[in-house]
Amino acid sequence: QVRLVESGGGLVQAGGSLSLSCAASGTIFNIKNMGWYRQAPGKQRELVATIASDSSTYYADSVKGRFTISRDSAENTVDLQMNSLKPEDTATYFCNANLREQSYYFSRNYWGQGTRVTVSS
């Protein structure tokens, strides 16, 4: 009943910028944390950035100072602005939301389908 849909991936040269967006829809009661993870080929999925309901943020060391996460709680969206991209940022980026559905008494994690980001050197 809940969907997370990402958009905004693509191909960019090193040093360039991309912006990712994710929209959560469905029978949502409330959303706690939202965030972005990424998974490069042959590697485990890793946390990129998260933003809580109070707008406090967390960034992986590898993206600090280059990426900015933001959210619109009224619209249930989360964005990731990625600047100064490096080839090592190449991965599939997944949106994540820890949310409670209207018919549930607890929150759980939901994932988007992923969007591919490729940074060429």
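Values in this document were obtained by computation on a predicted structure and should not be read as measured data. (Residues numbered from 1 in each chain as written. Predicted model: local features only at pLDDT ≥ 70, side-chain atom pairs only at ≥ 80, totals over all residues. Heavy atoms only, no water.)

> Would you take a moment to explain unusual backbone geometry for this structure?
Comment: phi is negative for the bulk of residues other than glycine, and the bulk of peptide bonds are trans. Positive phi, close to 75°, is recorded for S55, a residue that is not glycine. Backbone geometry at N76 places phi at a positive 55°, although glycine is not the residue there. For N76, the position within the fold is in the loop between β7 (67-72) and β8 (77-82). (Helix = DSSP H or I, 4+ residues; strand = E, 2+ residues; numbered from the N terminus.)

> Would you take a moment to explain the environment of S21 for this structure?
Relative to the helices and strands, S21 is located in strand β3 (residues 18-26). Note: C-alpha distance between S21 and I69 (48 residues apart in sequence) is 9.8 Å. Among residues more than four places away in sequence, those in contact with S21 are V5, E6, S7, W36, V78 and D79. For S21, the side chain forms a polar contact with the side chain of D79, separated by 2.9 Å. (Contact = heavy atoms within 4.5 Å. Polar contact = N/O pair within 3.5 Å; in protein donor to acceptor, adjacent residues only side chain to side chain.)

> How should the sheet that holds strand β1 (residues 2-7) be read in this particular structure?
Within a sheet, neighbouring strands are paired by backbone hydrogen bonds and run either parallel or antiparallel to one another. In spatial order, the strands read β1-β3-β8-β7; together these four strands make up an open sheet with antiparallel pairing. Each edge of the open sheet carries a strand with a single partner, namely β1 and β7. Ignoring strand direction, the axes of neighbouring strands in this sheet form an average angle of 15°. Judged from the six bridges that link them, β1 and β3 form a sheet pairing that is antiparallel. Residue pairing for β3: E6 is matched across the bridge by C22. (Pairing = 2+ DSSP bridges. Axes fitted to C-alpha atoms, helices over the stretch in contact; angles between N-to-C directions.)

> Even after reading the chapter, I still don't get the state of the cysteines, so can you show me in this structure?
By definition, a disulfide is the covalent link that joins the sulfur atoms of two cysteine residues. Counted by the stated rule, this structure contains one disulfide. Linked covalently through their sulfurs, C22 and C95 form a disulfide whose S-S length is 2.1 Å. On the S-S bond that ties C22 to C95, the torsion sits near -80°, and the link is left-handed. Residue C22 is found in strand β3, and its partner C95 is found in strand β9 (residues 91-101); the two are separated by 73 residues along the sequence. Comparing C22 with C95, the two get one shared label, buried. (Disulfide = S-S within 2.5 Å. Buried < 20%, exposed > 50% of the residue type's maximum accessible area, 1.4 Å probe, protein only.)

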